[in-house]
Structures are given as C-alpha cells and as structure tokens.
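Fold and contact review
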Amino acid sequence: TKKSFRNFPKKSLIILGIISVVLLGVIVYLSTGSAKIDIVPKKQPLDLQLKVSASDKFSYVDAGLNKIPGQLFNIEKTASQVFQTTGEKEVAQKARGIITIYNEYGTTPQVLIATTRFQTPEGLVFRTLKGVTVPGTKVENGKIIPGTVKVEVIADKPGQSYNISASKFGIPAFSERNDTGRYEKIYGKSSEPMKGGIVGTAKVVTDSDFNTAKQTLSDQVTKDVEDSLKTQVSGLKVINTSVIQLKEVESTAKADEAADSFTMAVGGSIKTVGFKEEDLKGLIKQYVDKTQNLIAIPEKLTISYTDVVFDDTNNTMTFVVNIKGNGYAKIDIDKIKTDLADRSEVQIKDYFKATSSVESVKVLLSPFWVKRIPQNKEKINTQLIY
C-alpha cells in the first residue's frame, strides 16, 4: 500500500485532498444547521367571571357544570380562662345554680312553669328561671328509669346564706295541695354549690372586665381554628378561612354581678371545603378556551373570589372566580415548522407578517453560515413566550 501511494502522482493527491475537504464542508454545512424560533403569541385582555362548585361529593373535574372535587373540613375549638374582676360596690345579689329535676311519678311528663319553687330541707327556696317539661319514666332492661331535665334556679332572697353546697330539693306546691305522690316522686338535686349570694360590699364584674375577656377569648379561639385548619388542609386551597362562627359566650358571672373572679368560655367553628388549585386552574383554562378561543396561563392571571357560599346540607361550596389578565392566541407549532422548512430569512419574515396570531418573533439560525431553516423538523427548536 505504501508503495502504491508513493507511486501515485503528487498533483492527483492534492486534488483528491481538496475534494475531500469540500465534501466534508458540504456535509458539515448540511448536517449541522439548526434554527431557534421564539414566538410571542398575540394577547387579548380577559375580564371574566366563572361560577364554580366544590364538594367532597364530586370525584372529577366537570368542565360542563364547572364542578371540582373538594375535601370537607369541620373544625370546632373552645377557649376558656379565669379572669379577675376589678370593680367594687354595694350589692344585694341572689345565689344561682343548676339542679336536675327527677320525675319518678309515672310515664306522663310533668310541666313546671317558670318561677316554680324548689325548697331545701332547711327551708331555703330557689326558683326556676324558665318553664320546663320533665319527661316521664321509661323502662330499660326491666328497670324503671326516671325522666330528668336540668334547669337553672335562683335564690328567693339575696345573701350569703343561700350559697349552699349540693343538696336535694322538694317542690312545696305539691305538698301544699296534699299531692303527696308527686311531692315524693318529683324532686330536684344539685351536684354543685349555689354561688353568688351576697349582701354588702363586694368585687363585681365591670363591663370592661367582661368585654375584655370576651375579646381575648374570641381572638384566641379564632387563631386556634385557623391554625388547626392550616394543619389539616395539607396544600389544598381554602378561600373562606375568615368565616369562623363564634358561639354565644358562657360565663360564670355577667357584667355588674358580684364575683372575685369569673370563668369565661368561647367556642368557635368553621365548616368549609378545600380544593386543589390545579383543578381550578385546569377549569379556568378550559373555560377561557371554550368561551374566548384563547390560551390561558393561570399563573399570569389575577384571580379573586366573591360570593362564597357554603351549603351545609350538601357540603358544597359555591363561589365566583373573577379572572383578569391576558389570554393568548393559539399557535400551531407543528404547522409552523412544516411551513418554514427550507425557507430563507426573507421568506421567514414575510411568513410571520402574514400570521395574525403572532405578536413578535425572533429567529436564530446557526452556525453563522446557515441562511435557511433546516428541512429536518428535529433541527427546529420552537418556543412560545407568554
């Protein structure tokens, strides 16, 4: 072989080398060319409203009825605390407490009007603050069970002597009319002492004491409900966290009542539905496509919520999504690649000038000697810029 090349004319070798270089250049020219096309689609302002329903009863995104799956959250919290009173004045206050009324007389309920008297064995009288109906007896497993009901009572007179410990109470009205059966079988019992009876100078709950305690506990229970909800939602979107229902305040003493201290409790709760933001974004994209024939990029939209209503019966939350921002014209990337194959720079400019869906475009051909779009689509890198 060495002898063959040694005998080959030197001029022919030079020509063969030149041809090889040219062929190599042609191959490189044809095989290494590529195009990068950045397209900005034409935009159009959006100002839309979409009414959506979310519920744990929905298992999939329904673009026809604007429904998305949700998860139900039902949280209840109670905050309580002992507060010291700051007021002081002369008072004549009656003791109060709770008694349980028992009906062992028969199966017929017993009606007791408000102010019904209940008397201790020592002769101290307390009266009910409201009328009650005591259920009659019933039989369970062969045993007669008396009917019971709890009711608040207040002492007949003010004074410390009515601050009695737990006791049994009879109903004098039955004894006075010689209804011995009812007097013996319908009676009351307390399990806690009666409190609050006093005559003289005493510390009292001021309006400021009461209202400050109420605000403190309301703030605390609201925070407790919000914190518990944040812990449970686990990445879901909840749009009505501010709708926390506060229950009626429970306090051992009211404003202007005598007490060295008082215990107050405030309950709070929220019942709501959380949902995946991706589900809502998908619904928005489909809605914009269907109604405007545009592409929506939810991350570039301003989304707010109004008319949020929770239906406790169906565990369904409905709300209006307010959509503002820009929608973008649809761009067929594959068609653009097909249309531009092997086109020159001038032809590329003319093509995009005639394309109404394109706001602007940037075309980069490489290497520097490439002047036409490659015919191979894989060599064309197209990117949409919103």
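This text gives an overview of the structure that appears in the document. Nothing here was measured: the structure is a model prediction, and the numbers come from that model.

**Concerning the overall build of the chain**
Helix and strand counts for the chain stand at eight helices and 23 strands. The C-alpha atoms of the chain give a radius of gyration of 42 Å, which is well past the 21 Å a tight globule of 386 residues would have. Across its three principal axes, the chain shows a C-alpha extent of roughly 145 × 55 × 50 Å. Per-residue burial for the chain yields a buried fraction of 37% across its 386 residues. In the chain, once contacts between residues fewer than 6 apart in sequence are set aside, the share between residues at least 24 apart is 75%. Within the structure as shown, the chain displays about 23,100 Å² of accessible surface, and the carbon and sulfur contribution to it stands at 51%. Side-chain charges of the chain comprise 53 positive and 43 negative groups, with the mean position of each set lying 13 Å from the other.

**Some points on the packing of helix H7 (residues 333-340) against helix H8 (residues 345-353)**
In the contact formed by H7 and H8, the axes pass within 11 Å of each other and the chain directions differ by 145 degrees. Note that H7 runs across H8; the crossing there is right-handed. The residues of H8 that touch H7, namely those facing Lys335, Ile336, Asp339 and Leu340, are Ile348, Tyr351 and Phe352.

**Here we look at the packing of aromatic side chains**
For the structure shown, the criterion picks out nine aromatic pairs. Consider the rings of Phe368 and Trp369, whose centres lie 5.1 Å apart with planes at 80 degrees: the pair is edge-to-face. We classify Phe368 as exposed; its relative accessible area is 69%. Cluster of aromatic residues (ring-pair linked, three or more members): Phe126, Tyr162 and Phe169.

**Description of the pattern of salt bridges**
Using the criterion set out here, one finds 16 salt bridges in the structure. Glu176 is the salt-bridge partner of Arg117, the closest N and O atoms lying 2.9 Å from each other. Here Arg117 is found in strand E7 (residues 117-119), whereas its partner Glu176 is found in helix H3 (residues 172-176), with 59 residues between them in sequence. For Arg117, a relative accessible area of 26% puts it in the partly exposed group.

Parameters at a glance
Residues numbered from 1 in each chain as written. Predicted model: local features only at pLDDT ≥ 70, side-chain atom pairs only at ≥ 80, totals over all residues. Heavy atoms only, no water. Helix = DSSP H or I, 4+ residues; strand = E, 2+ residues; numbered from the N terminus. Rg over C-alpha atoms; globule rule 2.2 N^0.38 Å. Buried < 20%, exposed > 50% of the residue type's maximum accessible area, 1.4 Å probe, protein only. Contact = heavy atoms within 4.5 Å. Areas by Shrake-Rupley, 256 points an atom, 1.4 Å probe, with all protein chains shown as cover. Lys, Arg positive; Asp, Glu negative; His and termini not counted. Charge placed at Lys NZ, Arg CZ, Asp CG, Glu CD. Axes fitted to C-alpha atoms, helices over the stretch in contact; angles between N-to-C directions. Left-handed = near helix turned anticlockwise from the far one by under 90°. Phe/Tyr/Trp six-rings, centres within 6.5 Å; stacked < 30°, edge-to-face > 60°. Salt bridge = Lys/Arg side-chain N within 4 Å of Asp/Glu carboxyl O.

Read these as spatial facts, not as claims about activity.
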